[in-house]
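# Residue-level structural notes
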Amino acid sequence: MADALRTGEVVKLDRGYPLVRFPDGERLRCEHATALVKGHDQRAVIGDVVSVSVPDAHDKGVIEAIAPRSREFVRKDPTERAVPQVLAANFQRVIVAQPVGEVNLRRLERELVLAFETGAEVTVVLTKADLAASEADTESVVQAVRALAGPDTPVLLVSEADPSSVEAVRRLLAPGTTTVLIGRSGVGKSSLVNMLVGAEVLDVGAVREGDGKGRHTTVSREIVEVPGAGRIVDMPGVRGLGLWDADAGIEAAFSDIEELAASCRFRDCTHEAEPGCAVRAAVELGALPRARYDSYQALRQEAGVVKERREQARRLAREKVSDTKRQRKGASPPPRRKRRS
Ligand code: GDP
Ligand code: ZN
């Protein structure tokens, strides 16, 4: 007889197999029930709450169901034209990390779009503060990042050389909540987690992601508990951050431009060549940095292409279905008549 289902949380993807942690602390490597994958095309991701059966004499659990998600972090699957890839579920905060001495504002804009799109709280953490050239440099970078991130997004500085610098980060991680950490490999994400935990729970400098093309096995890190605070997970596989649904994220990450756009003469202004465009006027006046305008247009263009491809794929799928139906109708054998003899 099958055991009763147990409820747990996916804390890691272990070479494609979800590692599920149960409330009693036990961790079990699991596979998906065929019905989930074949029937519903569902796969559990980090943060998913799942129902697991544990067949007798079986070394793995079987995920029978995935609970509805309160939130998802989604990018475009880097290997497909129009397929989304969910990287994490059920978190309350996204931390975007970049080294303060090498901040890339264009990349930050993209990371903010993806982070805001999830609807979670967003925080920017600037790492390696000890490596910054000068305090004045750091201050001007922080100013620039604050301007991009907006008034509701805390911007914090941390440094491995000053363990107390992570206290402000720790205070944001409310007990019972999960935080997802994104940022290029090497920016200091695992160092940050280790400082928060106060122990070397993650190998610094160890994880290297695939190139997002071939069938690389992504080495993933596990959701870890920060003592006296919430949980945090350094997210794997974010090297290629292609936009998926991004309208809300772009609106939030570029609220300054969206505000300007409200004054454009045409409601559907593309801010390219229309007369009476308030956005371009702001660029001409120097009130809106041209690089930010370019970045906004490029991200909107990228999101538009993905949307168009998705709709195309949907249309094709619909046509295929109706083709099959038609074929079935046409090819169905004529009603058999009894031969009279
Ligand atoms: P991850 O790939 O984002 O997890 O980055 P790691 O945490 O592995 O850090 C990459 C490298 O940066 C390692 O060599 C760290 O020792 C170094 N590093 C991380 N944080 C700091 C910091 O605050 N100051 C300095 N000087 N080095 C740091
Ligand atoms: Zn306009």
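Note that the structure is predicted; figures quoted are calculated from it, not measured. (Residues numbered from 1 in each chain as written. Chains lettered and ligands numbered in written order. Predicted model: local features only at pLDDT ≥ 70, side-chain atom pairs only at ≥ 80, totals over all residues. Heavy atoms only, no water.)

Before going further, it helps to examine the nonpolar core. Judged by nonpolar contacts, the single largest core of 51 residues is most densely connected at F73, L112 and I250. With six residues, the single largest contributor to this core is helix α2 (residues 105–117). F73 has contacts with Q85, V86, L87, A88, F91, L114, A115, T118, I182, M235 and L241, leaving out every residue within four places of it along the chain. Counting residues in hydrophobic clusters, the runner-up holds 20 residues, among them V166, L173, L202 and V226. (Core = buried A, V, L, I, M, F, W, Y, C linked by side-chain atoms within 4.5 Å. Buried < 20%, exposed > 50% of the residue type's maximum accessible area, 1.4 Å probe, protein only. Helix = DSSP H or I, 4+ residues; strand = E, 2+ residues; numbered from the N terminus. Contact = heavy atoms within 4.5 Å.)

Once that is clear, we can look at the coordination of the zinc ion (ligand 2). For the zinc ion (ligand 2), the protein coordination sphere consists of C264 (SG), C269 (SG), H271 (ND1) and C277 (SG), at 2.2 to 2.4 Å. Here the zinc ion (ligand 2) is ringed by four donor atoms whose angles at the metal span 103 to 117 degrees, and the overall shape comes out tetrahedral. In the primary structure, the donors to the zinc ion (ligand 2) are separated according to the pattern C-x4-C-x1-H-x5-C. Accessibility assignment for this pair places H271 and C277 in one class, buried. (Donors = N, O, S within 2.8 Å, 3.2 Å for Na, K, Ca; no water. Tetrahedral: all angles 85-135°; square planar, octahedral: opposite > 155°, others 65-115°.)

Going through the model one piece at a time under the given rule, you end up with one aromatic pair. The ring of W244 carries the charged tip of R310 above its face, separated from the ring centre by 4.5 Å. (Phe/Tyr/Trp six-rings, centres within 6.5 Å; stacked < 30°, edge-to-face > 60°. Lys NZ or Arg CZ within 6 Å of the ring centre and 35° of its normal.)

For the rest of this paragraph, the subject is the packing of α2 against helix α3 (residues 135–149). Relative orientation of the contacting elements α2 and α3 amounts to 35 degrees, with a least axis distance of 10 Å. Of the two possible hands of crossing, α2 and α3 adopt the one that is right-handed. Only A144, V145, L148 and A149 of α3 make contact with α2, whose side of the interface consists of L105, L108, E109, L112 and F116. Here the residues of the contact of α2 with α3 are counted per class, giving eight nonpolar, no polar and one charged. (Axes fitted to C-alpha atoms, helices over the stretch in contact; angles between N-to-C directions. Left-handed = near helix turned anticlockwise from the far one by under 90°. Nonpolar A, V, L, I, M, F, W, Y, C, P; charged D, E, K, R; others polar.)

Moving on, we get to the UniProt feature "binding site: Zn(2+)" (unreviewed entry) in the protein chain. This chain's UniProt record puts "binding site: Zn(2+)" (unreviewed entry) on C264, C269, H271 and C277. You can see C269 is positioned in the loop between α7 (255–261) and α8 (278–285). Excluding residues within four positions of it along the chain, C269 makes contact with C264, E274, C277 and R300. Along the chain, H271 falls in the loop between α7 and α8. Residues contacting H271, with those up to four places away along its chain left out, are A261, C264, C277, V279, R280, Y293, Y296, Q297 and R300. (UniProt positions renumbered as here; feature names shortened; annotations may be inferred.)

So, on to α3. With 15 residues, α3 extends 21 Å from end C-alpha to end C-alpha; this agrees with the ideal 21 Å at 1.5 Å per step. When α3 is considered as a whole, its buried residues turn out to be T138, V142, V145, L148 and A149. Axial view of α3: buried residues confined to an arc of 120 degrees, hence all on one face. More than 90 degrees from the buried face of α3, the exposed residues found are A136 and A147. One or two positions beyond α3, positive phi appears at G150, with a value near 90 degrees. (Expected span 1.5 Å × (residues − 1). Arc of directions from axis to C-beta.)

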